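Commentary on secondary and tertiary structure
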Amino acid sequence: MKCRHCGTPLAHTFLDLGFAPPSNAYLTEADLSKPEKYYPLKIRVCDQCWLVQTEDYAQADELFIPDYAYFSSTSTSWLAHASRYAERMIEILGLTANNHVIEIASNDGYLLKNFVAAGIPCLGIEPTASTAAVAEQLGIPVLREFFGEALGKRLAAAGKQADLIVGNNVYAHVPDINDFTLGLKAALKPGGTITLEFPHLLQLIEHTQFDTVYHEHFSYLSLHTVNRIFQTAGLRIWDIQELSTHGGSLRIYGCHHDNERRATNGVTALLRREADAGLQTIAPYIDFQKRADKIKNDLLDFLIQQNRAGVKVAAYGAAAKGNTLLNYAGVKPDLLPFVCDAAMAKQGKFMPGSHIPILTPEILAAKPPGFVLILPWNIKDEVKQQNECLIQVGTKFVTAVPEIRIL
Ligand SMILES: [Zn+2]
């Protein structure tokens, strides 16, 4: 296989998680009596441009199931993050009713509704019908398509280029990152701004966040590599912000290559930090697997110990990263009888692979377990806060990544 950005043959494996079902393929009760599809989950790294990427496998397009169950608005901290972002961008770019904002992967309108409220025209691009329908009810026009160069050019031809293009947690999810970036170039007005947020590879490596690896997540991105991909497409990065979302994300600010905005010191400083961490050498990549294996073994040890001691452990958050962790560790309902999740769309379903049932969080208060394992560790504070009544009756909260930690 060749690198999706630069075409160099890929010679190194970053992480091999064996086979796993798609992490968002939640199962109904009827599905449990049918065969389940597993796909290889292997991550490679390019030793030329350092793009960390999933290895190609057959039938990758099957992953994008139409009733994709993730609705951004179910996380209150994410909603607050989106509203702060909109406020900041309206202020620093001076956006008014004469401007145009495009969000790629606009989901249920969690972000664009802030621009609608401020009277700024916007357009969402979202191929998932169930979430797009919710956004339209909020008064947000939505194009139900995948984004790429062809769509970017069509928007430009229709006079719909944007002053601001937003892409939150979509850049790492696109199979053809070059085509997507050329789409950004085409859809951006002269003088316009692009902001993209994606989990930062430096954080993934430093904190062994191997559970953020799943099939739908095609690229694992450093600033160095994104900078290179942008430059190839005729764009450049002029500012960055490090964010705490998703365990450590990067928000990059891009513009056309010939734009006169000067790059900030933050860009240079972060490029240097990545280089100092060795991200342009092979060492940190080939060392990653054994650190992931230690986490997997420690989780199994913990669950087996509690099981032997007769202490009940439940999980919280039927998130994609939980599926990666549980499936790699081979955890089944005997060790972890149920997972709670506030998203109604997931309740009553089962986790792919592990077949652990997903229940409403209210069940925890009715029968408090000894431990609650928070699978989406990035929202652990929010989960703990919402469940303070459990702490009072002796339930302990625990996370497994980057190590077993009782909170
Ligand atoms: Zn490459």
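A separate point is the pattern of salt bridges. Per the stated rule, a full pass over the model turns up 13 salt bridges. Among the ionic pairs, Asp-163 bridges to Lys-189, the shortest N-O distance being 2.9 Å. Remark: Lys-189 occurs in strand E8 (residues 188-199) and Asp-163 occurs in strand E7 (residues 162-168); sequence separation between them is 26 residues. What makes Lys-189 partly exposed here is its relative accessible area of 25%. We note a salt bridge from Lys-294 to Asp-298, for which the minimum N-O separation is 2.6 Å. Here the residue Lys-294 and the residue Asp-298 both occupy positions in helix H10 (residues 288-309), the gap between them amounting to 4 residues, near one helical turn. Here Asp-298 falls in the partly exposed class, since its relative accessible area comes to 25%. Linked through salt bridges whose partners overlap, the residues forming this network are Asp-287, Lys-290 and Arg-291.

Right, let's talk about the sheet that holds strand E1 (residues 12-20) for a bit. Taking strand neighbours across the sheet as the criterion, the 4 strands line up as E1-E2-E3-E9 in an open arrangement whose pairing is antiparallel. Looking at which strands have only one partner, the edges of the open sheet turn out to be E1 and strand E9 (219-220). Here strand E2 (residues 39-45) runs beside strand E3 (residues 52-54); their pairing, made up of 3 bridges, is antiparallel. Paired with Arg-44 across the bridge in E3 is Gln-53.

In the sheet, E7 pairs with E8 via 6 bridges, with the strands oriented parallel. Bridge pairing in E8 links Leu-164 to Thr-193. Where the polypeptide runs from E7 across helix H5 (residues 177-187) and back to E8, its parallel neighbour, the crossover connection is right-handed.

Looking now at the coordination of the zinc ion. For a metal bound by four donors in tetrahedral geometry, the ideal donor-metal-donor angle is 109.5 degrees, whereas six donors in octahedral geometry ideally sit at 90 or 180 degrees. Binding of the zinc ion to the protein goes through Cys-3 (SG), Cys-6 (SG), Cys-46 (SG) and Cys-49 (SG), at separations of 2.3 Å. The coordination sphere of the zinc ion comprises 4 donor atoms, whose angles at the metal cover 101 to 117 degrees; the geometry is tetrahedral. Between consecutive donor residues of the zinc ion, the sequence gaps follow C-x2-C-x39-C-x2-C. According to the relative accessible area criterion, Cys-49 is buried, its value standing at 0%.

Once that is clear, we can look at the side chain of Gln-289. Following the sequence through the fold, Gln-289 ends up in helix H10. Here Tyr-328 takes part through its side chain, which lies 3.2 Å from a polar atom of the side chain of Gln-289. If we skip the residues at most four places from it in the chain, Gln-289 touches Phe-14, Leu-15, Asp-16 and Tyr-328.

An order of E6-E5-E4-E7-E8-E11-E10 is seen for the 7 strands of this open sheet, with the pairing classed as mixed. Here the strands that pair on one side only, and so sit at the sheet edges, are strand E6 (142-143) and strand E10 (235-243). Packed onto the sheet, helix H7 (residues 223-232) meets E8, E10 and strand E11 (249-256) and runs at close to 155 degrees relative to E10.

As a further point, take the nonpolar core. Within the largest apolar cluster, 46 residues are counted, with the highest numbers of intra-cluster contacts made by Phe-14, Leu-15, Phe-210, Tyr-285, Val-331, Leu-336 and Met-351. Of all elements in the fold, only E1, E2, helix H6 (201-206), H10, strand E12 (313-316), helix H11 (320-329) and strand E15 (371-374) reach the threshold of two or more residues within this core. With 6 residues, H10 is the largest single contributor of residues to this core. Each residue touching Val-331, except ones within four places of it in the same chain, is listed here: Leu-299, Leu-300, Leu-303, Leu-326, Leu-336, Ser-354 and Ile-356. Within the second largest apolar cluster, 38 residues are counted, among which are Ile-125, Tyr-171, Ala-187 and Leu-235.

If you walk through the whole model with that rule in mind, you get 11 aromatic pairs. Pairing Phe-14 with Phe-288 gives two aromatic rings, centres 4.5 Å apart and planes at 15 degrees, and the pair type is stacked. With Phe-14 in strand E1 and Phe-288 in helix H10, the pair connects residues that are 274 residues apart, well separated along the chain. Across the pair, exposure class does not vary: Phe-14 and Phe-288 are buried alike. Their ring planes at 70 degrees and their centres at 5.9 Å tell us that Phe-210 and Tyr-328 sit as a pair that is edge-to-face. Of this pair, Phe-210 sits in the loop between H6 and E9 while Tyr-328 sits in helix H11, and the two are 118 residues apart along the sequence.

Val-401 connects to Pro-402 through a cis peptide bond whose omega is 5 degrees. Examined against the element boundaries, Pro-402 turns out to sit in the loop between strand E16 (396-399) and strand E17 (405-406). Its identity is not glycine, yet Ala-105 carries a phi of approximately 65 degrees, on the positive side. Along the chain, the position of Ala-105 falls in the loop between strand E4 (101-104) and helix H2 (112-117).

Structurally, the position occupied by Ala-162 is in strand E7. When sequence neighbours within four positions are dropped, the list of residues in contact with Ala-162 reads His-100, Ile-102, Ala-187, Leu-188, Lys-189 and Gly-192.

What follows concerns H7. Leu-223, Thr-225, Val-226, Asn-227, Ile-229 and Phe-230 are the residues of H7 that are buried. Buried residues along H7 sit against H5, E8, E10, E11 and helix H8 (265-276). Remark: Gly-234 follows H7 within two positions and exhibits a positive phi of approximately 85 degrees.

What counts, and at which threshold
- Residues numbered from 1 in each chain as written.
- Predicted model: local features only at pLDDT ≥ 70, side-chain atom pairs only at ≥ 80, totals over all residues.
- Heavy atoms only, no water.
- Salt bridge = Lys/Arg side-chain N within 4 Å of Asp/Glu carboxyl O.
- Helix = DSSP H or I, 4+ residues; strand = E, 2+ residues; numbered from the N terminus.
- Buried < 20%, exposed > 50% of the residue type's maximum accessible area, 1.4 Å probe, protein only.
- Pairing = 2+ DSSP bridges.
- Right-handed = clockwise from strand over helix to strand, strands pointing away.
- Donors = N, O, S within 2.8 Å, 3.2 Å for Na, K, Ca; no water.
- Tetrahedral: all angles 85-135°; square planar, octahedral: opposite > 155°, others 65-115°.
- Polar contact = N/O pair within 3.5 Å; in protein donor to acceptor, adjacent residues only side chain to side chain.
- Contact = heavy atoms within 4.5 Å.
- Axes fitted to C-alpha atoms, helices over the stretch in contact; angles between N-to-C directions.
- Core = buried A, V, L, I, M, F, W, Y, C linked by side-chain atoms within 4.5 Å.
- Phe/Tyr/Trp six-rings, centres within 6.5 Å; stacked < 30°, edge-to-face > 60°.

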